[in-house]
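Letter by letter, the chains look like this.
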Amino acid sequence: MEIVDLKKWFPGVKANDGVNLTLRAGEVHAILGENGAGKSTLMKMIYGLLEPTSGEIRFMGKAVHFRSPREAIHAGIGMVHQHFMLIPALTVAENVVLGDEPGRIKFNRKEAERRVRDLSEKYRLAIDPTAKVADLSVGLQQRVEILKAFYRKAKLIILDEPTALLTPQETRELFAIIHGLKADGVPVLFISHKLDEVLEISDRVTVMRAGKTVETVETAGATPQSLANLMVGREVVLRVEKNAAHPGEPILKIHDLHVRDSGRIERVKGVNLELRRGEILGLAGIDGNGQFELADAIAGLIKAEQGHIIFDGHDITRLTPAERTERGIAYVPQDRQADGLVLSFDLVENTILRDFRKRPFAKNGVIDRAAAASYTERLIREFDVRPPDASRKASELSGGNQQKVILAREVSRDPLMLIAAQPTRGLDVGAIEGIHRQLVRLRDEGKGVLLVSLELEEILSLSDRIAVIHDGRIVAIVPGAHATREQIGLLMAGSHGHSEVSMS
Amino acid sequence: MIFSDPEIWAATLSMAVPLALPAIGGTFSERTGVVNIAMEGIMLIGAFFAVTFSYWTGSAWLGLLAALICGGLTAAALAWGAIRVSADQTVLGMGINIFAAGLTTFLLNTLFGFNGTPINTPKLPDISIPGLDKIPYIGVIFQNQSILVYIMVVLVIISHWFLFHTRLGLRMRSVGEHPLAADTLGINVWRIRYFGVILSGLFSALGGAYLSIGVLNGFTPNMTNGRGYIALAAMIFGKWTPLGSFGAALIFGFSTALGIVLQGQGISSNLLQMIPYALTILALAGLVGRAVAPAADGIPYDPRRS
Amino acid sequence: MKSLRSILLPMGASLLAMIIGGILVAALGYNPVTVYGSLISGAFGNGINIGNTITASLPLIIVGLGIAISFQSGLFNIGADGQYWIGATAAVWFGYHFNSLPGWLHMIVCIVVGMVAGALWAGIIPGLTKAYVGSHEVITTMMMSYIGILLARYLIEGGPMQQKGFNPQSPEIVQNTQFPYFTQGLMQSQLSLVAVAIAVVAVIAVWFLLYKTTLGYQLRTVGLNQRAARYAGINVKLFTVVALCLSGLFAGLAGAVQMLGVDHRLLDGFSSNYGYTAIVVSLLARNNPIGVIIAGLFFGALTTGGQNMQMVSNVPAALTDVLTGLIIFFVACERIIPQIIGWYRRRRTLKSTTVAS
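Predicted model, so just to flag it, every value in this text is computed and none were measured.

**Things to note about the interface of chain C and chain A**
- Counting residues at the interface gives 18 residues for chain C and 28 residues for chain A.
- Taken together, the two surfaces of chain C and chain A that pack against each other cover about 2,000 Å², and 59% of this comes from carbon and sulfur.
- Notably, a salt bridge pairs A:E349 with C:R220, separated by 3.0 Å at the nearest N-O pair.
- Ranked by residue count, the leading element in the side of chain C that touches chain A is helix α9 (residues 214-224) of chain C, at six residues.

Here it is as structure tokens:
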């Protein structure tokens, strides 16, 4: 496969702006880039989900223009999505053969299961074709996706952030599978933002930055530092200007907290954690390790199964979200559009979302629109929300400005503690800096800040202490000042023994 | 003891038909991901056009064919709105129900005057299967049942086989669970959904025709009397499977049959008629078994936004 | 622009339905102009007709308000018909049973009892099962509606509310609970200014409730985004029940007002269909209380006009149901409009590019 000067422009955004790539037969080729570098846009174009603005994709020596995934599959491209395209209610065999089932009118289940079993053995995937997909672990579900690709005789496998949801053990197994594929001569395109994985698994690496491919290098000759420099484009990583912290008394204490998600799966498995006034505690971890359930549980959005949450000296484990808000917990939720805002409400209505019961916004159950509007206008000025129009609906704002509205609402309530989950996800650099400044300002005012983020850079640059969560447990707490990317990354991947790590 | 009387079981079977047929139809529609609350209206359409064409052509079978065609067309309109336009499926269904109630009454009054359909309209035959009617007890149950009763029994079995043991059935189920996944595997989501909804229209129309030219030979305004809605409940009660729907329809049919029997003993029919509705609420409240709807049921799919 | 569209769309949908209805009657050999003429004159032709139209629209407006509340709270109360009849039944029972109360107090008691009965009918079973086990309210409200109507019918057919006589019906409510007509003209159209005043107050109350109170704010938040509502500290379960209660409350109020103002007793029949038509009223009004007045008058006019149409031009009144169904269908399909505009634009650009090249 060859990609020549591919571009994809959205209104106002150049998601891909000159992508060049050559994929050789039988190699594992990694595409490395930070979140927002344009990797997923590139994938969607290769897979026919988006049409390029300009440029060309050549596959097997011919220029191709896929208008749908169907055409891409037909041409021999197999894609394993980050979020699996599996039907939980069906069996493995049914999922694999769907769309190309054996049989005429009757579905020949036996034949389907036989074919899937054969494929599974051929590629050493060890999957029971009769199992229901809903009962499989994430790692096994990923193998079903790989099987789907092989069943359709894929000549190229694309793995999109394949380790995002995997345990370290599952990651090892996946890498063994990829090595097997390479031995069989199947080229693999491995998309990731994780340096260590890319170094381990790939033959060559193409680094993307800001929608462009920067350089393609042989993995053998690359070092973590050289790749990191290519990724971020400068020697120094983004550091936020901040003075030394002056941590005070603990504001939040968590004892042996257990939380189950809506699917009754235990996500938080006995967390003990302490957050002090005047510090930023970063909670680092790979997505899916319970960090967001922990944040939701502190805010009261999910009930704790077991354990205690002590806030400002009181046990709040059984309090409602409204009561916790009242006691001074502010929360910037992970999914701002689903949780943090009512998109069809205007900014005034969104600004009072957490305090609509209280004066001055309401008296005796009647909302004082004028008071709410003048407060909103003040926040819009202070936080530079654009456009500065309180009567706009939240849906009409850009992501960065939506986040500003949420942050303005939360920090202006004069809370004792702020939980910020993924506060800068998908935002541009200017907006990120503004939000980081607010977090530091809050800390300097003596508030406790719990920063939950999947961006290691963000955690490293902001945190006074870093707690690492893995598989629902805090595996280490290290001082932020001297923490390194490699050290935290290792902990996030589940390697225990934090004493020697924090000294290294 | 009334339960030992085969007549009550014969009545149960007979009452189950106009519930089981639309319930199975609804199963096909919802398994592909389209909520169909228009079954009540489609039944009315089926019932009315069955009578009309039966009278005009003199053949109940041609009446049945007309019912199927009109029911299928009505379902196609629902399908277009739900699939192509991504409109709210409950609202669309409501619209069709009111439209169907109005249209059938309107046409009844304009085509046949205000005195109802002619009494000499042909109806579908009642039959007894030779041999089966010789078996004691069972024979009485199946004695002189409408031919549609037997057709229904066959359809129940075929439907179950079709949904769970054919390639198309597998594709229908996949579309109702995760349309995007199905689409990426080359399955035409929209076409499958059209198929499911129109199939539900055919089944519902058949159920309506059973009322008008199977049991009776005439049409009265609103003669379905909410059966389309009870069928919806039977489908849920039957966990979105044809066999389950049939089982639930039998339970609801039995409660109606019981009502008829007990009415002779001085119990208000109004109170007894509440039984199916009350059972439905209990089923929905999870007090008599819980069912999980297809994951994408009621959610429009737009392939261009994926 | 947006508000203009919210007026144009229902009007366009109604117009399209009228055209299709016109084609239908023309195909059956009637003259659509005389048919629609008799419909319009039946609705607005003279003072009595206008009075009749307003009388017919009042229950639609009041039930429609309740539907609007449920829609704004993200719930689909499809069983307002049953709530209406339960409210009516309760009001009638209090209306003829107690006759020692002073007139005005008795009247108020009847209305309040009707409201409470309707609220409980919607709130208890559909509301609680929706909130706590997630039973779909479309089905439960509908089932409760059937049960409610059957209950009311039982009460006058051999039940405790039956008046001895030939027809199944309840006793008449006592004179001092009946709304006064004030003048002969209003009496002819059974239009009571008290009922009109109640409807107007109800509209203002619902508008105030939805847009000016924290209760309404919470209902709308739950309706638009349940996750955000939970985040805001709103008890989603509680407000689900409250929303259905309020919705049933207005259906019950409509039943009480209709009994006190028009029917004065329960009669066999129970096929008002106010619950279903009120859904259309609310949909057409975009769930806006003020818009409910206009949409309610429109369907009130269809009802009275339809009766006149049947008498004058011999076209069955059921035609109005055909129109109603079509209007709902077209309004539901509103998303086709931007799609059509999109096609049109693309075709034009396609044409211009082919011409250019």
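Right, picking up where we left off after that structure.
**Structural notes on helix α13 (residues 289-313) of chain C**
Residues and elements named next belong to chain C.
- With 25 residues, α13 should reach 36 Å at 1.5 Å per residue; the first-to-last C-alpha distance of 35 Å fits that figure.
- The backbone nitrogen of I290 lies 2.8 Å from a side-chain oxygen of the residue at the head of α13, namely N288.
- The first or second residue beyond α13 is N314, which carries a positive phi of 65 degrees.

**A word on the sheet that holds strand β11 (residues 250-260) of chain A**
Residues and elements named next belong to chain A.
- Spatial strand order, β12-β11-β14-β15: four strands in an open sheet with antiparallel pairing. Here the strands that pair on one side only, and so sit at the sheet edges, are β12 (266-276) and β15 (314-315).
- In this sheet, strand β14 (residues 304-311) lies alongside β11 in antiparallel orientation, the contact comprising six bridges. Bridge pairing in β14 places K253 opposite I310.

**Quick word on the confidence of the model for chain C**
- Here chain C shows a mean pLDDT of 88. Residues at 70 or above account for 97%.
- The complex model carries a pTM of 0.83, and its ipTM stands at 0.87.

**Let's talk about the interface of chain C and chain B**
- Taken together, the contact pairs 47 residues of chain C with 45 residues of chain B.
- Summed over both partners, the interface of chain C with chain B buries about 3,900 Å², with 80% contributed by carbon and sulfur atoms.
- At the boundary of chain C with chain B, the tally comes to zero salt bridges.
- Elements that contribute at least two residues to the side of chain C that touches chain B include exactly α1 (2-27), α5 (103-133), α6 (137-156), α12 (274-284), α14 (319-332) and α15 (336-356) of chain C.
- Per-element tally for the side of chain C that touches chain B: the top contributor is α6(C), with 12 residues.
- In the side of chain C that touches chain B, the residues fall into 34 nonpolar, nine polar and four charged.

**Observations regarding the UniProt feature "transmembrane region" (unreviewed entry) in chain C**
- As recorded in UniProt, the sites labelled "transmembrane region" (unreviewed entry) are residues 7-30, 50-70, 82-98, 104-126, 138-156, 191-211, 232-254 and 274-299 of chain C.
- For residues 7-30 of chain C, helix accounts for 88% and strand for 0%, while the C-alpha atoms at its two ends are 31 Å apart.

**Quick look at the nonpolar core**
- In this structure, A:I46, A:I77, A:L189 and A:L294 are the most contacted members of the largest nonpolar core, which totals 356 residues.
- Broken down by element, the residue count for this core peaks at 13 residues, all from helix α11 (residues 236-263) of chain C.
- Residue contacts for A:I77: discarding those within four places in its chain leaves A:M1, A:I46, A:Y47, A:F59, A:F66, A:A72, A:A154, A:L156 and A:I158.
- Counting 14 residues, the second largest nonpolar core, distinct from the first, contains A:I286, A:L456, A:V468 and A:V478.

About the thresholds
Residues numbered from 1 in each chain as written. Chains lettered and ligands numbered in written order. Predicted model: local features only at pLDDT ≥ 70, side-chain atom pairs only at ≥ 80, totals over all residues. Heavy atoms only, no water. Contact = heavy atoms within 4.5 Å. Buried area = accessible area lost by both parts, 1.4 Å probe. Salt bridge = Lys/Arg side-chain N within 4 Å of Asp/Glu carboxyl O. Helix = DSSP H or I, 4+ residues; strand = E, 2+ residues; numbered from the N terminus. Expected span 1.5 Å × (residues − 1). Polar contact = N/O pair within 3.5 Å; in protein donor to acceptor, adjacent residues only side chain to side chain. Pairing = 2+ DSSP bridges. pLDDT = per-residue confidence, 0-100. Nonpolar A, V, L, I, M, F, W, Y, C, P; charged D, E, K, R; others polar. UniProt positions renumbered as here; feature names shortened; annotations may be inferred. Core = buried A, V, L, I, M, F, W, Y, C linked by side-chain atoms within 4.5 Å. Buried < 20%, exposed > 50% of the residue type's maximum accessible area, 1.4 Å probe, protein only.

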